[in-house]
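Chain by chain, the residues:
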Amino acid sequence: MRIYDIIRKKRDKEELTKEEIEFFVDRYSKGDIPDYQASALLMAIYLNKMNKQETAWLTEAMMNSGEVIDLSAINGVKVDKHSTGGVGDKTTITLAPLVAACGVPIAKMSGRGLGQTGGTLDKLESIPGFSIEMTAEKFIESVNNIKIAVCGQTASIAVADKKMYALRDVTATVDNISLIAASIMCKKLASGADAIVLDVKTGDGAFMKTLDQSFELAKEMVEIGTAMDRETIGIISDMDEPLGCAVGNALEVIEAIEALKGNGPTDFMNLCETLGAYMLVSSKIATDYEDGVRRINEALTSGEALEKFKEFVANQGGDPRVVDDYSLFGEANHIVEIKSDKTGFIDKIEAEAVGVSAMVLGAGRETKEDELDLSAGIILKKKVGDFVKEGDTLAIMHFNREEKFEDAKRRLKNAYIITEEKAEPKKLIYGVVTKDGISKF
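Note that this is a predicted model, so its numbers are computed, not measured. (Residues numbered from 1 in each chain as written. Predicted model: local features only at pLDDT ≥ 70, side-chain atom pairs only at ≥ 80, totals over all residues. Heavy atoms only, no water.)

A. How the structure looks around the sheet that holds strand E13 (residues 429-434). Judged by pairing direction, the sheet is mixed, and its five strands sit side by side in the order E1-E4-E5-E13-E14 without closing on themselves. Pairing within the sheet leaves two strands with one partner each, and these edge strands are strand E1 (79-83) and strand E14 (437-440). Within the sheet, the average angular offset between the axes of one strand and its neighbour, ignoring direction, is 15 degrees. The sheet contact formed by E13 and E14 spans four bridges and is antiparallel. Within the sheet, the bridge partner assigned to Thr434 lies in E14 and is Gly437. Contacting E1, strand E4 (195-202), strand E5 (231-238) and E13, helix H12 (residues 266-282) runs over the sheet at an angle of about 155 degrees to E4. (Pairing = 2+ DSSP bridges. Helix = DSSP H or I, 4+ residues; strand = E, 2+ residues; numbered from the N terminus. Axes fitted to C-alpha atoms, helices over the stretch in contact; angles between N-to-C directions. Contact = heavy atoms within 4.5 Å.)

B. Structural detail: helix H3 (residues 35-48). Spanning 14 residues, H3 covers 20 Å between terminal C-alpha atoms, matching the ideal 20 Å at 1.5 Å per step. Looking only at H3, the buried set comprises Gln37, Ala38, Ser39, Leu41, Leu42, Ala44 and Ile45. Contacts made by the buried residues of H3 are with helix H1 (3-11), helix H2 (18-29), helix H8 (159-170) and helix H9 (177-190). Positive backbone phi, approximately 70 degrees, marks Lys49, located one or two places after H3. (Expected span 1.5 Å × (residues − 1). Buried < 20%, exposed > 50% of the residue type's maximum accessible area, 1.4 Å probe, protein only.)

C. Up close: the sheet that holds strand E8 (residues 344-349). One open sheet accounts for three strands, arranged E10-E8-E12; its pairing is antiparallel. Each having just a single partner strand, strand E10 (387-388) and strand E12 (416-419) make up the two edges of the open sheet. Pairing analysis gives four bridges linking E8 to E12, with the strands arranged antiparallel. The residue of E12 that forms the bridge with Ile346 is Ile418. The strands that helix H16 (residues 405-415) touches are E8 and E12; relative to E12, the one it contacts most, it runs at about 40 degrees.

This is how it looks when you write it as C-alpha cells:
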C-alpha cells in the first residue's frame with residue numbers, strides 16, 4: 001500500500017477503504033508519511049468530502065492512534081459532555097457537580113484554551129490550590145467515592161489528531177465537517193465515556209457560524225458515536241452573544257458558583273438545565289427529559305450541587321472557602337466601567353469581538369506560550385434586548401495590563417450594536433440530534 005495511491009484515489013473522488021484510512025493515520029502518526037503528502041490527502045478530503053463510513057473509520061483509526069482510557073473500574077454509566085467552544089462558556093464548572101449530585105459519575109478529561117479565554121483546566125486553576133494533575137488510580141477512586149473528577153488530558157490520547165490538527169491549521173483544511181467531527185469524537189471516544197452529550201454552538205462566537213452547519217456537525221458526530229456503540233446526543237445552542245455575563249477565568253468560575261447557588265444568568269442556567277437533563281437521560285438515571293429537568297432542579301434548590309462542588313474542589317487540593325469568599329481568587333489591579341455612547345436597545349453583542357477583547361486584556365492565549373492573567377476579563381452588565389441610555393454601564397473590565405486597555409476597550413464597545421427598536425428575542429436551544437433523527441425547536 002502506498003500513500004501516493006491513497007491521495008490519488010481521494011483526489012479522484014473515490015471512497016477510501018478502512019485499511020487505507022488506517023494505513024494513513026498509523027504511518028503519519030509515526031512520522032513515516034511526510035507533511036507534504038499528508039497535506040495533499042487532507043486537501044483532497046477537504047475538497048471531495050468523506051462519506052459517513054469513511055468518517056467513522058477515520059475517527060476509529062485516530063482514536064486507536066494513542067491510549068484508549070479504560071474506565072470500567074468506575075461504577076455506573078459514565079457520561080461526558082463536550083462543547084464546541086464559545087465565549088463565556090464555563091458550563092462544565094457548574095454542570096459537572098450538578099449532574100454528579102444526581103448520582104451520575106463524571107470522569108472528565110479537559111484541555112487548556114488557545115484563543116479568547118482559558119479552557120476548563122485554566123479556569124479551575126484560578127481556584128487557589130486546585131490541581132488538575134491526578135494519577136489514574138486517584139482519578140478512578142475519586143469518581144467512585146464522590147462521583148466527580150476533572151483532570152488534564154493525557155498527551156498519549158489520539159496522537160494522530162494532534163499532528164493532523166496542527167497540519168490542518170496551516171493548510172486551510174480545518175473547516176471540513178468530517179475532519180472536525182473525527183477530531184472531536186476520537187478524543188471523546190478515547191477518554192472512556194459510555195455516553196456523550198455534545199453542546200454544538202452556533203453563531204458569531206462559535207466555530208460553526210450557521211444553523212445548517214451546526215446541525216450537520218452534530219448529526220455527523222452523533223452518527224460516529226452511535227456507530228461506536230456510545231449513546232450520543234447533540235444539542236444546538238446559541239453563541240451569537242456571550243454565554244452568561246462573565247468572560248475570563250476567575251470571573252467565570254465565580255459566575256459558575258453563583259449558578260450553583262441559583263443566581264446565575266438566565267441563559268446560562270437554562271443551558272445547564274438542558275444539558276444536565278440530557279446527561280441524566282443518557283446515564284439512565286432519568287426516565288425522560290422532563291424527569292431529568294426535575295432532578296437537576298432538585299439538586300440545585302436543595303444545595304446538594306453546591307456541596308458537591310465544594311467536595312470536588314477540596315478533593316483536588318483546592319480551597320473550598322472560595323464558595324463563600326470570592327476575594328480568595330485575587331482581584332485585578334484595575335476595574336473600569338465601560339459606558340454606552342448611545343441610547344437605545346442592544347440589538348447584538350458580537351461574541352467573538354468580546355472574546356478577543358478579553359484575550360487582549362490577558363484572559364486568553366494568542367500562542368501556546370502566552371501566560372494567562374487569571375484575574376483579567378469582562379463582566380457584561382447589559383445583554384441583547386436590554387434598553388440603555390447614553391452613559392449607562394455596558395460592561396466592567398478587569399485587567400492588570402494597562403498598555404492593553406485602550407485596544408480592548410475599543411474592541412468591546414464596537415461589539416455592542418445599539419438600535420432604536422428592540423430586537424426579537426433569540427432562541428437559546430435550536431434543536432436536538434439523536435440517533436433517531438433531528439428535532440428542531
